Amino acid sequence: MPRSLPLFVLKRILAVLPVLAGAVLFTFVIMRVLPGDPAAMLASGPGSGPEEVAALRRQLGLDRPLAEQLVLYVGDIARGDLGRSFTTGEPVVRDLLQRLPASLELTFSALLLAVATALPLGIAAALRPGSVIDHACRLVATVGTSLPAFVVGLGLIYAFYFALGWAPEPIGRLDGWMDPPAAVTGFVLVDSALAGDGPAFLSGLRHLVLPSITMALFALAPLARITRGAMLDLLSSDFIRTARSLGLSRWTILVHYALRNALIAIVTALGMVFSTMLGANVLVEKVFAWPGVSSYAIDALMSSDYAPVQGFVLVVAGIFAAANLVIDIVYGLVDPRAGRSG
């Protein structure tokens, strides 16, 4: 590992701080200019009047100038306090920590499935352009980019749950009658494996299949297309022809020279796809009643609950920044010339 890696990571972390500050400012302002008043929402019961709404506004601090509210909010963030959700009654940090593993488990499983499918498919299509595999790769890419994720999810639910009865009821991460395993990581598959709870592991795996396929199809399309394009360019390049003329084996040319150089484009796409998948979680989690942070943020947004939405955006922005940092480090492993020039 190069000696400059810690300095490189430090520079990247410092570069991320303005991005996080921008996300905080943007979310804070946009939540206050959108229609909807949290105080009016809370005081919407029978017998509530303007006096009760005004009292709630004072209690929530919404009667203060916007700049003062922003300063107080930034001070709370610095202390690790993201506020309290009035829809759940719990601190936002606790809500997010409880739900984030569910979103990450879904995203990671879908990304793993997409990579395991897209790379072989894209490589096979590049090796045989114009073949059936090549047409299948382009068909998958077209379907994945043209069909909205929630349409794919609803179609899978209809086919495999309603029509065939192969999939469990899409109501969360486990069967309704089953107790969840003791939380260690928050990942149902990992926690049930650690606890030796086979029924919970199988139930979690069955509930994970359809939402993972839904999100994987969304991610598979760009990955397969970029893998195919990068491999096609490299396989027709001069240095590959030179390698063939020197009598190197097909496997060495394909894996050591072509695929290794194609990884720069693939890793770039992987970072963008991962970031986009976290946003796409919103619809998939709602369709499958998945208890993740995205569905939590949507429910809070519909209730004009500021704190959970602001906390969600900040957490997702932090995950985006961490993903980009990992991608930059992987660049350096794949190609030292491109990895740590910044």
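Residues numbered from 1 in each chain as written. Predicted model: local features only at pLDDT ≥ 70, side-chain atom pairs only at ≥ 80, totals over all residues. Heavy atoms only, no water.

### Some points on the UniProt feature "transmembrane region" (unreviewed entry) in the chain
The following threshold applies: UniProt positions are given in the numbering used here, feature names are shortened, and annotations may be inferred rather than shown by experiment. Secondary structure counts use DSSP, requiring at least four H or I residues in a row for a helix and at least two E residues in a row for a strand, with both numbered from the N terminus.
Residues given the UniProt feature "transmembrane region" (unreviewed entry) here are residues 12–34, 106–127, 139–164, 208–226, 262–284 and 311–334. Between the end C-alpha atoms of residues 139–164 there is a gap of 25 Å, over a span that is 88% helix and 0% strand.

### Some remarks on the pattern of salt bridges
Side chains bearing opposite charge may pair, as long as their charged atoms lie close to each other. The test is simple: Salt bridges, as used here, are contacts in which a Lys or Arg side-chain nitrogen is within 4 Å of a carboxyl oxygen on Asp or Glu. Partly exposed residues are those whose accessible area sits between 20% and 50% of the maximum for their type, while under 20% is buried and over 50% is exposed, using a 1.4 Å probe and protein chains only.
Under the criterion given, the structure shown has nine salt bridges. Close ionic contact of Glu105 with Arg173 constitutes a salt bridge, the shortest N to O distance being 2.6 Å. Taken as a pair, Glu105 in helix α5 (residues 92–127) and Arg173 in the loop between α7 (149–163) and α8 (188–195) lie far apart in primary sequence, 68 residues in all. A relative accessible area of 6% places Glu105 in the buried class. Where salt bridges share partners, they join Asp134, Arg138 and Arg228 into one cluster.

### A look at a nonpolar patch on the surface
Rule in force here: Put simply, a patch holds well-exposed residues, over 30% relative accessible area, that have no salt bridge, with like charges counted together within 9 Å and Val, Leu, Ile, Met, Phe, Trp or Tyr side chains within 5 Å. Values of accessible area rely on a 1.4 Å probe in the Shrake-Rupley scheme; residue burial ignores everything except the protein chains shown.
A surface patch of nonpolar side chains, about 580 Å² in accessible area, is lined by Leu25, Phe26, Val29, Ile30, Val33, Leu34 and Leu301. It is helix α1 (residues 5–33) that contributes the most residues to the nonpolar patch, five residues altogether.

### Details of empty space enclosed by the protein
Operational definition: Note on definitions: the grid is 1 Å and covers protein atoms alone; a cavity is a set of points where a 1.4 Å probe fits but cannot get out; a pocket is an open set with protein on both sides within 12 Å along at least five of seven lines; lining residues have an atom within 4 Å of a point. Grid points are joined across faces, edges and corners, and a volume is the space filled by probe spheres set on the points. In the scheme used here, Gly and all other residues not listed as nonpolar or charged are polar, with Ala, Val, Leu, Ile, Met, Phe, Trp, Tyr, Cys and Pro taken as nonpolar and Asp, Glu, Lys and Arg as charged.
A complete count under the given rule lists two cavities of 30 Å³ or more for this structure. The volume enclosed by the largest cavity comes to roughly 60 Å³. As for the largest cavity, its lining consists of Ala167, Pro168, Glu169, Pro170, Ile171, Gly172, Arg206, His207, Leu210, Pro211, Phe288 and Trp290. Taken together, the residues of the lining of the largest cavity break down into eight nonpolar, two polar and two charged.

### Looking at the layout of surface pockets
The space that makes up the largest pocket amounts to roughly 530 Å³. Along the walls of the largest pocket sit 23 residues, with Arg32, Leu60, Asp76, Gly83 and Ala307 positioned nearest its centre. Elements that contribute at least two residues to the lining of the largest pocket include exactly α1, α3 (50–60), α4 (66–78) and α13 (306–334). If one sorts the elements of the lining of the largest pocket by residue count, α4 sits on top with four residues. Tallied by class, the residues present in the lining of the largest pocket amount to ten nonpolar, six polar and seven charged. In this structure, the second largest pocket occupies an estimated 190 Å³ of space.

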